[in-house]
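Chain by chain, the residues run as shown.
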Amino acid sequence: MKVRKAVIPAAGIGSRMLPATKSIPKEMLPLVDRPVIQYIIEEAVASGIEDILIITNRGKGPMEDYFDYFPELELRLEADKKYDYLNSVKRPADLANIYFLRQKETRGLGHAVGRARTFVGDEPFAVLLGDDIMKSKVPVTKQLIDAAEKYGASAVGTQAVPDEALARYSSLKIEALEENIYRVTDMVEKPKPSERFSNYAILGRYVLTPDIFDILDGLEPGYGGEIQLTDGLKKLCAVSPMVAVDFEGVRYDTGNLKGYLEATIDFALDHDETGEWLREYLKSKSELL
Ligand code: G1P
């Protein structure tokens with residue numbers, strides 16, 4: 001199973017990050033030196049993905065500009081011999097073949113992924129949620145692709161989440177296949193305590209077969225009156241194999257302020273330009289706390 005295509009739903013309005021996201025797409029907020037969306041694209045590319053469709057909505061134009069060339073700026077940087085900056089502004093446009101499609105209606109994650117049908121065609125594909133940033137040794141999407149290939153199955157990324165957080169996610173019914181890989185037999189989106197199958201929630205990464213599109217087309221609105229991807233996957237795992245990969249890595253929800261700050265600090269601690277300085281800075285602050 002060769003997975004060459006990825007879909008990134010990025011049509012949300014960023015309400016948990018207002019007012020910063022009033023006129024900037026939440027995907028364009030910087031994490032240290034790059035916008036959040038670039039980390040997602042880099043993970044996809046490092047996992048072997050060549051073609052990427054970003055599902056957008058009104059007001060996401062700056063994302064399209066970011067993944068394009070900017071000749072006036074590039075000429076200026078070249079003339080000034082600022083080659084590091086020059087490379088960094090050209091890089092996003094060279095990462096992959098990036099396509100954009102507007103969702104047009106706000107009808108949920110399942111509806112957004114459903115818009116990718118023509119782009120995906122008849123191939124398995126990855127889905128990477130725009131808010132979920134991963135820090136891992138092996139790209140999380142690659143971990144899922146490897147498991148999907150091994151088991152001839154679709155795959156979802158998972159980790160156990162605390163009881164009190166589960167209602168914000170989804171809950172998987174699973175049976176162990178090996179240490180960190182499980183067979184998925186059922187699931188529920190935003191579970192009430194009585195509906196929980198386990199503390200394993202889907203966290204932002206999927207490898208799906210194109211069978212999902214017919215299922216999504218026939219779905220009724222679910223939680224929150226929206227077409228839920230999880231409701232589609234519940235049907236998919238009933239008719240074809242699906243595995244859950246308890247992935248190695250840390251997941252950050254950059255769509256809320258605390259998750260965004262955690263990611264900023266952790267990535268800045270790892271960054272060549274800022275790591276050492278930030279460590280000293282945090283030490284000096286911790287003395288005052
Ligand atoms: C979405 C999915 C949910 C998943 C969560 C975290 O929810 O519907 O199943 O657990 O992302 O990746 P949302 O954050 O859009 O409410």
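Just above, that's the structure.
Since the model is a prediction, treat every value here as computed from it, not as a measurement.

Conventions and cut-offs
Residues numbered from 1 in each chain as written. Predicted model: local features only at pLDDT ≥ 70, side-chain atom pairs only at ≥ 80, totals over all residues. Heavy atoms only, no water. Salt bridge = Lys/Arg side-chain N within 4 Å of Asp/Glu carboxyl O. Helix = DSSP H or I, 4+ residues; strand = E, 2+ residues; numbered from the N terminus. Buried < 20%, exposed > 50% of the residue type's maximum accessible area, 1.4 Å probe, protein only. Contact = heavy atoms within 4.5 Å. 1 Å grid on protein atoms, 1.4 Å probe; cavity = no way out; pocket = protein on both sides within 12 Å on 5 of 7 lines; lining within 4 Å. Points joined across faces, edges and corners; volume = space filled by probe spheres on them. Nonpolar A, V, L, I, M, F, W, Y, C, P; charged D, E, K, R; others polar. Near = heavy atom within 4 Å. Polar contact = N/O pair within 3.5 Å; in protein donor to acceptor, adjacent residues only side chain to side chain. Areas by Shrake-Rupley, 256 points an atom, 1.4 Å probe, with all protein chains shown as cover. Sits in = over half its atoms within 2 Å of the grid points. Pairing = 2+ DSSP bridges. Axes fitted to C-alpha atoms, helices over the stretch in contact; angles between N-to-C directions. Expected span 1.5 Å × (residues − 1).

**Overview of the pattern of salt bridges**
- Taken as a whole, this structure holds 24 salt bridges when the rule is applied.
- Between Asp131 and Lys26 there is a salt bridge; the shortest N-O distance is 3.0 Å. With Asp131 in the loop between strand S6 (125-128) and strand S7 (132-135) and Lys26 in the loop between strand S1 (5-9) and strand S2 (30-31), this residue pair connects regions lying 105 residues apart in the sequence.
- Overlapping salt bridges bring together Arg4, Lys5, Glu50, Asp51 and Glu123 as one network.

**Looking at the side chain of Ser170**
- One can find Ser170 in strand S9 (residues 170-178).
- A residue is classified by how much of its surface remains accessible, and Ser170, at 3% relative accessible area, is buried.
- Ignoring sequence-local partners within four residues, the contact set of Ser170 consists of Val188, Glu189, Lys190, Pro191, Tyr200, Ala201, Ile202 and Thr230.

**Focus: empty space enclosed by the protein**
- Enumeration according to the criterion identifies one cavity of 30 Å³ or more in this entry.
- Estimates place the volume of the largest cavity at around 30 Å³.
- Every residue lining the largest cavity is listed: Lys26, Glu27, Val36, Gly130, Asp131 and Thr254.
- Here the residues of the lining of the largest cavity sort into one nonpolar, two polar and three charged.

**Description of the site of the ligand**
- Residues in contact with the ligand, as listed here, are Leu109, Leu129, Asp132, Tyr169, Ser170, Glu189, Lys190, Ile202, Leu203, Gly204, Thr230 and Arg251.
- One nitrogen or oxygen atom from the main chain of Gly204 is found 3.0 Å from an oxygen atom belonging to the ligand.
- Protein chains shield 76% of the accessible area of the ligand, which is 380 Å² for the free molecule.
- Here the ligand is seated within the largest pocket.
- Looking at the shell around the ligand, the element that brings in the most residues is strand S11 (residues 200-208), giving three residues.
- Split into classes, the residues belonging to the shell around the ligand amount to five nonpolar, three polar and four charged.

**Observations concerning the layout of surface pockets**
- Approximately 1200 Å³ is the volume attributed to the largest pocket.
- As for the largest pocket, its lining consists of 44 residues, of which Arg16, Lys26, Leu129, Asp131 and Lys190 are closest to the centre.
- Only helix H5 (109-114), strand S8 (154-160), S11, helix H9 (229-239) and strand S13 (250-253) provide two or more residues apiece to the lining of the largest pocket.
- With four residues, S11 is the largest single contributor of residues to the lining of the largest pocket.
- Residue classes in the lining of the largest pocket are distributed as 17 nonpolar, 15 polar and twelve charged.
- Approximately 460 Å³ is the volume attributed to the second largest pocket.
- Lining the second largest pocket are 19 residues, with Asp33, Arg34, Tyr85, Ser88 and Val89 positioned closest to its centre.
- Secondary-structure elements contributing two or more residues to the lining of the second largest pocket are helix H1 (36-46), helix H2 (61-66), helix H3 (71-79) and helix H4 (83-94).
- Considering each element in turn, the lining of the second largest pocket owes the most residues, six residues, to H4.
- For the lining of the second largest pocket, a count of residues per class yields seven nonpolar, three polar and nine charged.

**Here we look at the sheet that holds S8**
- If you walk across this open sheet you meet the nine strands as S5-S4-S1-S6-S11-S8-S12-S10-S9, and the pairing is mixed. Bordering the open sheet on either side are strand S5 (97-102) and S9, each of which pairs with just one other strand. Sheet twist, expressed as the mean angle between neighbouring strand axes with direction ignored, is 30 degrees.
- Sheet topology note: the S9/strand S10 (residues 181-189) ladder contains eight bridges and is antiparallel. Its bridge partner lying in S10, Glu175 is registered against Arg183.
- In this fold H1 packs onto S1, strand S4 (51-56), S5, S6 and S11, with an angle of close to 150 degrees to the strand it touches most, S4.

**Structural notes on helix H7 (residues 140-151)**
- Over its twelve residues, H7 extends 17 Å from the first C-alpha to the last, a length consistent with the 16 Å expected when each residue adds 1.5 Å.
- Among all positions in H7, only Val140, Thr141, Gln143, Leu144, Ile145, Ala147 and Ala148 are buried.
- Following H7 by one or two positions, Gly152 has its phi on the positive side, about 55 degrees.

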